[in-house]
Amino acid sequence: MTTRPYRNAAWLLMLPAALLMAVVGVVPLVAVFNYSLHDIFSLRDVLWVGAEWYGEIVTSPRFHASLLRSLMFSAVVLAVQVPLGVGIALVLRRTGRWAVLGLMLVALPLVVPWNLIGPMWLGLVNAETGLVGQALGALGIGFDWKFTALHTWILLVAMDTWHWIGLVVILSYAGLSGVAPEAYRAAAIDGASRLAVFRFIEVPRLAPALGIVLLLRFVDSFMIYTEAFAINAGGPDMATHFLAIDLGEEIKAFNYGSAAARSMVYFLIVITVIWAFARLRAAGGRE
Amino acid sequence: MRALRAGLPAAVLMLLALFILLPLAQTFLLSFLATLPHEGVEKGTWGLVNYRNVLATPALVASIGNSAVYVTLNVALCLGAALPAAYALSRYEFLGDRHFLFLLLAFRATPPVVLSLPIFILFSRFGLVNSPVGIALVHCLFNLPIAIWILETFISAVPRALDETAFLDGHSLCSFFLRHLIPAIAPGIGVAAFFCFLFSWVEVVFARILTVTAGKPITMAINALFTFQTDVGLVMAMTVVSLLPGLGMIWFVRNHIARGFALRA
């Protein structure tokens, strides 16, 4: 790779983007931080409370429980979607011109507005009218997503996988496109097994794409709100009460100071993960 | 063994198609079913009654326009700001370039709920609530990073000789962008536009809080249809309508969709 010339005048080209990010990102973030240190009764009636909200949040058992649930959900989502997405991308690479059709197919759920995904899946598993609900009923399998926690979780993971598998497949497919055909031919001549091809030829090419996939899927599933709320509003008995649902409740109850502190805590968690990720990538790049 | 190898991709594709299409099929089917009795149409009959009702409801028709306006505006804003930034990041090193990339990643990852409150207060002070400009601006939060990332990938694939010859030929930066760079990365612009369109069209948190009394987007118009006696057929018909632009965009970028993410290690 050729080195790029060092020129600070390039910032002139960055100006529009930097300005936009400042207005919609940096300024609101500073405002949230400011709110989080106050008790806000109305915009005119504000009381300084310092770090009181933070102390209250990070020591509350409710926060710990939600954090644990969100981490669990992200772990399950990643464990299901990453292998599945990579597998589909590997298969698509071998289907020639069918690959375009496959990519279009997995992209479909991405264009569905988020607030419609919940109702769509509830319609699907409805025992009387849903295609899947009726099929399960005919097979004698009771699927009670409303009151059985495990079933709510299965429904949520299935729905989230349906929604986001396209992103995993598209990014993995893009990563695999970087593998030169000669590499496959060389491997065939050497009599390398399929597993060896995957491990030593495909995985190195996939690694950067997978890094981004892991990161995006982690933060989006960790902060899932709209779809999870639509399915069971955090129920049954708090079993799907994730971090973002706590925050949504607090905003709806007009607890602005506390909601802002909660937002900052979430932001810090997410930023820590990204920072660790960036460090790992930088370390990997130097090797 | 050989037959198994040949059959595997086909089987995987079929299963995948079943999994992806099933929820959509249910929606599509219901959109043609009268789930409530309407004038001259009995409950349970099949036909276009739901689609006729969509067209006959001014709030629904208006919401399609509202969504289209802010999404288009957002795509224009993102591409306009991302193109020079992606060019700078691709061609030069400068003070804080890595930090800027980190900042972009951080804001792409920031959940909208976290920033919804100050955005609302800030935007209401500048009269940007109920206006498509407000939503178009705030959606840049997650779309601008994506647009910069995709365009940077495509620009980095263009050899630097293209810039150098153009500048030797006396092109200014502006005319180089218009005459040479943009045509060279046209598919990249298509893919970036697709993802910006996509994430702006499906987003609901900001779109909800920034439309209090007017300018309701398509997503909120559908939300408003859920009442104590929901016309499920109408909801499904409107859902199908809301998918159409996205389907068009998928078709438009189908051959380039996976090319925007080749990563600079």
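These numbers come from a predicted model, not from an experiment.

**As for the overall build of chain A**
Part 1: Scanning chain A for helices and strands turns up twelve helices and two strands.
Part 2: Taken from N to C terminus, the helices and strands of chain A fall in the order α-β-β-α-α-α-α-α-α-α-α-α-α-α.
Part 3: Projected onto its principal axes, the C-alpha coordinates of chain A cover approximately 75 × 70 × 30 Å.
Part 4: Here chain A holds 287 residues, and the buried ones make up 52% of them.
Part 5: Partitioning the intrachain contacts of chain A with sequence separation of at least 6 by distance along the chain shows that 69% fall at a separation of at least 24.
Part 6: Of the roughly 13400 Å² that chain A leaves accessible, carbon and sulfur atoms contribute 69%.

**A few points about the UniProt feature "transmembrane region" (unreviewed entry) in chain A**
Residue and element names in this part refer to chain A.
Part 1: As recorded in UniProt, the feature "transmembrane region" (unreviewed entry) lies at residues 12-37, 71-91, 98-117, 162-184, 196-219 and 259-278.
Part 2: The distance separating the terminal C-alpha atoms of residues 162-184 is 31 Å; by composition the span is 83% helix and 0% strand.
Part 3: This span, residues 259-278, is 100% helix and 0% strand, and a straight line between its end C-alpha atoms measures 28 Å.

**Here's the deal with empty space enclosed by the protein**
Part 1: Taken as a whole and judged by the stated rule, the model has three cavities of 30 Å³ or more.
Part 2: In this structure, the largest cavity spans a volume of roughly 380 Å³.
Part 3: Elements with a contribution of two residues or more to the lining of the largest cavity: α7 (149-176), α9 (194-222) and α10 (226-232) of chain A together with α4 (97-109), α5 (112-125) and α7 (140-156) of chain B.
Part 4: No other element matches α9(A), which puts three residues into the lining of the largest cavity.
Part 5: Counted by class, the lining of the largest cavity contains 15 nonpolar, two polar and six charged residues.
Part 6: Considering only enclosed or pocket space, the second largest cavity measures out at about 50 Å³ in volume.
Part 7: Lining of the second largest cavity is provided by A:Val32, A:Tyr35, A:Leu247, A:Ile251, A:Ala259, A:Ala260, A:Ser263, B:Val114, B:Leu117 and B:Pro118.
Part 8: Those elements that place two or more of their residues in the lining of the second largest cavity are α1 (11-36), α11 (243-252) and α12 (256-286) of chain A together with α5 of chain B.
Part 9: Residue composition of the lining of the second largest cavity, by class: nine nonpolar, one polar and no charged.

**Description of the UniProt feature "domain: ABC transmembrane type-1" (unreviewed entry) in chain B**
Part 1: As recorded in UniProt, the sites labelled "domain: ABC transmembrane type-1" (unreviewed entry) are residues 64-253 of chain B.
Part 2: Secondary structure content for residues 64-253 of chain B is 78% helix and 0% strand, and the end C-alpha separation is 22 Å.

**Re the packing of aromatic side chains**
Part 1: What the rule picks out here adds up to 20 aromatic pairs over all chains.
Part 2: The interplanar angle of 75 degrees and the centroid separation of 5.9 Å between the aromatic rings of A:Trp114 and A:Trp164 together place this pair among those described as edge-to-face. You can see A:Trp114 sitting in helix α5 (residues 114-125) and its partner A:Trp164 sitting in helix α7, a full 50 residues away along the chain.
Part 3: For A:Trp164, a relative accessible area of 3% gives the class buried.
Part 4: Plain terms: the ring middles of B:Tyr87 and B:Phe177 are 5.1 Å apart, the flat faces sit at 70 degrees to each other, and that makes the pair edge-to-face. Taken as a pair, B:Tyr87 in helix α3 (residues 58-91) and B:Phe177 in helix α9 (residues 173-184) lie far apart in primary sequence, 90 residues in all.
Part 5: With relative accessibility at 1%, the residue B:Tyr87 sits in the buried group.
Part 6: Put simply, the rings of A:Trp114, A:Trp164, B:Phe194, B:Phe195 and B:Phe199 pair up and form one aromatic cluster.
Part 7: One residue, A:Arg199, lies across the ring of A:Phe200, its end atom 5.0 Å from the ring centre.
Part 8: Over the ring of B:Trp251 we find B:Arg254, and its NZ or CZ is 3.8 Å from the ring centre.

**Some details on the side chain of B:Ser242**
All names here are of chain B.
Part 1: Here serine 242 lies in helix α13 (residues 232-252).
Part 2: For serine 242, a relative accessible area of 0% gives the class buried.
Part 3: Reaching out from serine 242, the side chain makes a polar contact with the backbone oxygen of threonine 239 at a distance of 2.7 Å.

**Quick look at the UniProt feature "transmembrane region" (unreviewed entry) in chain B**
Part 1: What UniProt calls "transmembrane region" (unreviewed entry) maps, in this numbering, to residues 68-89, 101-123, 135-155, 176-202 and 232-253 of chain B.
Part 2: Helix makes up 91% of residues 101-123 of chain B and strand 0%. Its end C-alpha atoms lie 26 Å apart.

**Here's the deal with the environment of A:Leu216**
Part 1: Inspection of the secondary structure assignment puts A:Leu216 in helix α9.
Part 2: A C-alpha to C-alpha distance of 9.4 Å links A:Leu216 and A:Val168, two positions 48 residues apart in sequence.

**Structural notes on the nonpolar core**
Where a protein is soluble and globular, its nonpolar side chains tend to be buried together.
Part 1: One finds B:Phe123, B:Leu144, B:Ile148, B:Leu151, B:Phe195 and B:Ile257 to be the most contacted residues of the largest nonpolar core, which totals 178 residues.
Part 2: B:Ile148 has contacts with A:Ala17, B:Ala82, B:Ala85, B:Ala86, B:Leu89, B:Phe100 and B:Leu104, leaving out every residue within four places of it along the chain.

**Describing the UniProt feature "domain: ABC transmembrane type-1" (unreviewed entry) in chain A**
Part 1: Under the UniProt annotation, the feature "domain: ABC transmembrane type-1" (unreviewed entry) is placed at residues 67-277 of chain A.
Part 2: For residues 67-277 of chain A, helix accounts for 77% and strand for 0%, while the C-alpha atoms at its two ends are 20 Å apart.

**Examining the interface of chain B and chain A**
Part 1: Counting residues at the interface gives 83 residues for chain B and 90 residues for chain A.
Part 2: Taken over both partners, the interface formed by chain B and chain A buries close to 8100 Å², and the fraction arising from carbon and sulfur atoms is 82%.
Part 3: Three residues stand out in chain B for area buried against chain A, namely B:Gln26, B:Glu93 and B:Leu117, and they jointly supply 7% of the buried area on that side.
Part 4: At the junction of chain B and chain A, the tally comes to one salt bridge.
Part 5: Viewed at the interface, chain A and chain B are joined by 13 residue pairs in polar contact (both at pLDDT 80 or more).
Part 6: If you tally residues by element for the side of chain B that touches chain A, the top one is helix α1 (residues 2-30) of chain B, at 14 residues.

Criteria and thresholds
Residues numbered from 1 in each chain as written. Chains lettered and ligands numbered in written order. Predicted model: local features only at pLDDT ≥ 70, side-chain atom pairs only at ≥ 80, totals over all residues. Heavy atoms only, no water. Helix = DSSP H or I, 4+ residues; strand = E, 2+ residues; numbered from the N terminus. Buried < 20%, exposed > 50% of the residue type's maximum accessible area, 1.4 Å probe, protein only. Contact = heavy atoms within 4.5 Å. Areas by Shrake-Rupley, 256 points an atom, 1.4 Å probe, with all protein chains shown as cover. UniProt positions renumbered as here; feature names shortened; annotations may be inferred. 1 Å grid on protein atoms, 1.4 Å probe; cavity = no way out; pocket = protein on both sides within 12 Å on 5 of 7 lines; lining within 4 Å. Points joined across faces, edges and corners; volume = space filled by probe spheres on them. Nonpolar A, V, L, I, M, F, W, Y, C, P; charged D, E, K, R; others polar. Phe/Tyr/Trp six-rings, centres within 6.5 Å; stacked < 30°, edge-to-face > 60°. Lys NZ or Arg CZ within 6 Å of the ring centre and 35° of its normal. Polar contact = N/O pair within 3.5 Å; in protein donor to acceptor, adjacent residues only side chain to side chain. Core = buried A, V, L, I, M, F, W, Y, C linked by side-chain atoms within 4.5 Å. Buried area = accessible area lost by both parts, 1.4 Å probe. Salt bridge = Lys/Arg side-chain N within 4 Å of Asp/Glu carboxyl O.

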